[in-house]
Amino acid sequence: MRLLLVEDDDLLGDAVKAGLTQFGYVVDWLKDGESARAAIKCESFEAIILDLGLPKLSGLGFLQAIRHDGNVTPVIILTARESVGDRVKGLDSGADDYLVKPFDLNELSARVRALVRRSTGRADATLHYRNVTLDPAAHAVYVDDILVNVPRREFALLQKLLENSGQVLSREQLMQSLYGWDEEVDSNALEVHIHNLRKKLNANYIRTIRGVGYMVEKNEHQ
Amino acid sequence: MKSSIRKFLLINLLLAITITTTLTAIGNYYLDEQDIKEHLDTLMAVSALSYEALLGDDVHERPLAEIQSSLNRIPQKIKNQYKNSFLNDLPPQNYINKFDFQVWSNNGKLLLHSLDPLEITSPPKIDGFSDLRVGSELWRIFTTYNDKAEIRTILAEHYDTRNELGHSIAQDDMYIMLLTFPLSGLLIWIIIGRGLRSLDRVAKEVANRAPTNLEPVNLEEVPEEIKPVIDELNKLFHRLDEGFEREKRFASDAAHELRTPLAALKAQAQVALNTTDLEEKNLALKKLIASVNRSAHIVQQLLTMSRLVPEASRINDIDKVNLPKVAREVLALLAPSALEKQIELEFTHDANITNFFGNSTAIGILIRNLVDNAIRYCKEHGAVLVRVYQQKDHIVLEVHDNGPGIPSELRSRVFERFFRVLGNKSPGSGLGLAIVRQVTELHGGKIELDSPEKGTGLIVRIFFPIHPKPSKS
């Protein structure tokens, strides 16, 4: 799951990026509102973690601008301001959630998961298809109710496919959600991850649509 | 001794009243004496002349023996008169003996006289008023001579009468004064009380305030005399209010500014906890320590800032500042960090820089912040130059660096607390230049930001007046 972190403080940004990466997220970190706004125009993120006191374009300014442009990516605000008025202002400017510094990384991660879940129209915290269950919070995958060890990238890939079940996801879409900008990626990395997943699940669990991309089918009752 | 305006006024007013009334009484006594003398003299003259007229020119043909026996009965008559009147408590006998009446013929014979006449062998030859000593007693005498009847009429009055009258009037004055004295005291007490009531009201208004109410007292309801006091009080209220406001802002700033480093601390700690990879753990812990150092730096700067409020700079902290000496000491401490970045640190100063009044510690903090900033923002292998020189009646501290400088549109804002230039990668507290400004203002100086003629960089000039104006507070 790919997140955009906009935080101007070096030490905090570094820590949040490292922490969220441990939780399996792909985190792109920008330090000012202007470049974040530029990034959001050409890339897609599952959620944005936004500090309010940003240089060049303030957090609220950034938020209002992207909402004005019609971007609906869930946004969670990180701020040192804790008054009710500040929270209301943040939420009214288009934020989906609000965390006051200092916060707990586990809580941040859980809130991000919840936001992403809701933005994809689900209420259930876990994802199911056929005999496979994926629990984003526990970072666990069960096949026939048996825990299967799935590495970070493969987990993210499976989660992305399950969240968009019934839709074909292009190679580019999947790559974007798996890797940040600063990561060196082999050209066949995606194929390797798909191959590994198929070995653990079921050969035809993930379907290849030639020339288009990959998909997981939708549950019939949905 | 506690001073009570009421007691002071009461005692002093009563004292003043006593002195003035006593003087009045003494004055009255002497003036009365004069009045009494004139009055009684006139009475004597009129009486004597009347007797003479009544006796007539043919006094020798009158029944003198009968008249004399009537005269002898006068004391008894007076006694009877007094018995029937209301004035029976006055002893007329005392006075009767003090008046004397005698009529002498030309050949030295006493024709008529009051009972118990004065024992004189012959009438005084002087007409009109005279004093006469008979035995040990002094008498006032009036004589008149009828040259047709050839008789001399004499009226005499004992001086005691006159003195007693004067004394009794003075005594009465005294009694009245003593009687009115407590009344005056009571009245003064009440009047002062009423006068002080407005003072009481102001005192109550101040006393009944909530501790947080530092609004000024309304001067319109305050008596003219204590306006200066209330005025000063209001000024004190204002200063306190400002102080409290500053404290409040400071606490909130501090809390606010520490949240981000605390968030970083917590996140790094959790990153370290959540990983099993030793290398990643160590990296997170190192960053955690960096976060702690930054928090400590912010706390240190906050403390410095709070100690630099005007109230804290008491007059006994003021000494003669030798700026080159202070600068050299601070630079010696900062030299290692400059060397570490391979920055050339240079200090020059004019000879014979005048010492000026100021706080050496605060100025040391100022220099440390300026030079620390210069070293921090300087490129590696850069140069930091510190100069001290005298310009007219100012001592100038100049710090050059060849870092990125501060864009001119931001120069007015960099002195605000917690303001940080965007994209600034150095971990600062955002308080350094605010501290510099505070110290400069405490010394009545001014700051100038400039850029060098060639290349990038920043020049900071601090102008310290050699003869600072006495500070307001």
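For the structure itself, look to the data block above.
Residues numbered from 1 in each chain as written. Chains lettered and ligands numbered in written order. Predicted model: local features only at pLDDT ≥ 70, side-chain atom pairs only at ≥ 80, totals over all residues. Heavy atoms only, no water.

Another aspect to go through is the overall build of chain A. Across its full length, chain A carries 8 helices and 12 strands. In chain A, buried positions account for 54% of the 222 residues. (Helix = DSSP H or I, 4+ residues; strand = E, 2+ residues; numbered from the N terminus. Buried < 20%, exposed > 50% of the residue type's maximum accessible area, 1.4 Å probe, protein only.)

Turning our attention to the sheet that holds strand β10 (residues 394-401) of chain B. Residue and element names in this part refer to chain B. As summarised here, the arrangement of the 5 strands in space is β7-β9-β10-β12-β11, forming an open sheet in which the pairing is mixed. The open sheet terminates on both sides in strands that have one partner only, identified here as β7 (344-349) and β11 (446-450). For this sheet, the mean angle separating the axes of adjacent strands, direction not counted, is 15°. Sheet topology places β11 next to strand β12 (residues 458-465); 5 bridges connect them, and they run antiparallel. Across the sheet, residue Leu-449 finds its bridge partner in β12, namely Val-460. Across the face of the sheet, helix α9 (residues 360-377) comes into contact with β7, β9 (383-391), β10 and β12 while running at roughly 25° to β10. (Pairing = 2+ DSSP bridges. Axes fitted to C-alpha atoms, helices over the stretch in contact; angles between N-to-C directions. Contact = heavy atoms within 4.5 Å.)

Glancing now at the nonpolar core. By size, the foremost hydrophobic cluster in this structure holds 51 residues, and its most contacted members are Leu-323, Ile-363, Leu-366, Ile-367, Leu-370, Leu-397 and Phe-464 of chain B. For this core, the secondary structure elements donating two or more residues are α6 (227-274), α7 (278-307), α8 (323-340), α9, β9, β10, α10 (432-442) and β12 of chain B. It is α9 of chain B that provides the largest number of residues to this core, a total of 9 residues. When we break this core down by domain, the ones giving at least three residues each are domain 2 (229-307) and domain 3 (319-465) of chain B. With residues near it in sequence (within four places) discarded, Leu-323 of chain B still touches Phe-356, Ile-363, Ile-367, Val-388, Ile-395, Leu-397 and Phe-464 of chain B. Formed by 28 residues, the second largest nonpolar core is a distinct cluster that contains Val-132, Val-141, Val-148 and Leu-174 of chain A. (Core = buried A, V, L, I, M, F, W, Y, C linked by side-chain atoms within 4.5 Å. Domains from an automatic or database assignment.)

Looking now at the pairing of strand β2 (residues 110-113) of chain B. Residues and elements named next belong to chain B. In the sheet, strand β1 (residues 99-105) pairs with β2 via 3 bridges, with the strands oriented antiparallel. Directly across from Gln-102, in β2, lies its bridge partner His-113. In this antiparallel pair of consecutive strands, β1 and β2, the connection spans 4 residues, and Gly-108 shows a positive phi of 85°.

When the parts of a complex come together, some accessible area is lost, and that lost area is often taken as the interface size. Taken together, the contacts link 20 residues of chain B with 24 residues of chain A. Across the chain B to chain A interface the summed buried area is about 1900 Å²; carbon plus sulfur atoms make up 56%. On the chain B side of the interface with chain A, the three residues burying the most area are Arg-259, Thr-260 and Gln-270 of chain B, jointly 28% of the side's total. Put simply, chain B and chain A have 2 salt bridges between them. Across the pair Lys-287 of chain B and Asp-14 of chain A runs a salt bridge whose closest N-O atoms are separated by 2.4 Å. Between chain B and chain A we count 10 residue pairs in polar contact (both at pLDDT 80 or more) in total. Those elements that place two or more of their residues in the side of chain B that touches chain A are α6 and α7 of chain B. (Buried area = accessible area lost by both parts, 1.4 Å probe. Salt bridge = Lys/Arg side-chain N within 4 Å of Asp/Glu carboxyl O. Polar contact = N/O pair within 3.5 Å; in protein donor to acceptor, adjacent residues only side chain to side chain.)

The next point concerns the pairing of β9 of chain B. Residue and element names in this part refer to chain B. Alignment of β7 against β9, held across 6 bridges, turns out to be parallel. Pairing of Glu-346 across the sheet is with Leu-385, part of β9. As paired elements, β9 and β10 share 7 bridges and run antiparallel to each other. When the bridges of β10 are listed, Val-388 appears paired with Leu-397. Linking two consecutive strands that pair antiparallel, namely β9 and β10, is a turn of 2 residues; a positive phi of about 50° is found at Lys-392 within it.

Further remarks concern the packing of α9 of chain B against α10 of chain B. Residues and elements named next belong to chain B. Taken N-terminus to C-terminus, the directions of α9 and α10 make an angle of 145°; their axes are 9 Å apart at the nearest point. Remark: the crossing between α9 and α10 carries left-handed chirality. Only Gly-432, Leu-433, Ile-435, Val-436, Val-439 and Thr-440 of α10 make contact with α9, whose side of the interface consists of Ala-362, Ile-363, Ile-365, Leu-366, Asn-369, Leu-370 and Asn-373. Looking at the contact of α9 with α10 residue by residue, the classes come out as 9 nonpolar, 4 polar and no charged. (Left-handed = near helix turned anticlockwise from the far one by under 90°. Nonpolar A, V, L, I, M, F, W, Y, C, P; charged D, E, K, R; others polar.)

Time to look at the environment of His-195 of chain A. As for its position among the elements, His-195 of chain A is in helix α8 (residues 189-200). Between the C-alpha atoms of His-195 of chain A and Glu-154 of chain A, which are 41 residues apart in sequence, the distance is 9.7 Å.

The next subject is the packing of helix α1 (residues 10-22) of chain A against α6 of chain B. Packed helices, taken two at a time, are described by the angle between their axes plus the distance between the axes. One way to put it is that α1 of chain A packs onto α6 of chain B with a least axis distance of 8 Å and a crossing angle of 30°. If you check the angle between α1 of chain A and α6 of chain B, you find them roughly parallel. Of the two possible hands of crossing, α1 of chain A and α6 of chain B adopt the one that is left-handed. Within the contact between the two elements, α1 of chain A uses Leu-11, Leu-12, Asp-14, Ala-15, Val-16, Ala-18, Gly-19 and Gln-22 of chain A and α6 of chain B uses Thr-260, Ala-263, Ala-264, Ala-267, Gln-268, Gln-270, Val-271 and Asn-274 of chain B. (Parallel < 35°, antiparallel > 145°, perpendicular 65-115°, else oblique.)

Let us look at unusual backbone geometry. In the segment running from Lys-101 of chain A into Pro-102 of chain A, the intervening peptide bond is cis, with an omega of -10°. We note that His-139 of chain A has phi near 55°; this positive angle belongs to a residue other than glycine. Position of His-139 of chain A among the secondary structure elements: in the loop between β7 (132-135) and β8 (140-143). His-139 of chain A gets classed as partly exposed once you look at its relative accessible area, which sits at 28%. One non-glycine residue, Asn-352 of chain B, lies in the positive phi region at around 55°. Looking at the secondary structure, you find Asn-352 of chain B in the loop between β7 and β8 (356-358). Taking the relative accessible area as the measure of exposure, Asn-352 of chain B reaches 73% and is therefore exposed.

Time to look at the packing of aromatic side chains. Residues and elements named next belong to chain B. Scanning the entire structure with this criterion turns up 5 aromatic pairs over all chains. Here Tyr-29 and Tyr-30 contribute two aromatic rings whose centre-to-centre distance is 5.3 Å and whose plane-to-plane angle is 75°, an arrangement assigned as edge-to-face. With a relative accessible area of 53%, Tyr-30 lands in the exposed category. (Phe/Tyr/Trp six-rings, centres within 6.5 Å; stacked < 30°, edge-to-face > 60°.)

This next bit is on a negative patch on the surface. Residues and elements named next belong to chain B. On the surface, a cluster of negative charge is contributed by Asp-57, Asp-58, Glu-61, Asp-147 and Glu-150. Mapped onto the elements of the fold, Asp-58 is located in the loop between α1 (5-55) and α2 (64-72). On the accessibility criterion, Asp-58 (39% relative accessible area) is partly exposed. (Patch = residues over 30% accessible without salt bridge, like charges linked within 9 Å, V, L, I, M, F, W, Y side chains within 5 Å. Areas by Shrake-Rupley, 256 points an atom, 1.4 Å probe, with all protein chains shown as cover. Lys, Arg positive; Asp, Glu negative; His and termini not counted. Charge placed at Lys NZ, Arg CZ, Asp CG, Glu CD.)

Residue and element names in this part refer to chain B. The final tally for this structure, using the stated rule, is 29 salt bridges over all chains. The residue Lys-248 makes a salt bridge to Glu-245 at a minimum N-O spacing of 3.8 Å. Here the residue Lys-248 and the residue Glu-245 both occupy positions in helix α6, the gap between them amounting to 3 residues, near one helical turn. Classification of Glu-245 by relative accessible area gives partly exposed; the value is 40%. Among the ionic contacts, a cluster of salt bridges with common partners joins Arg-387, Glu-398, Glu-448, Asp-450 and Arg-461.

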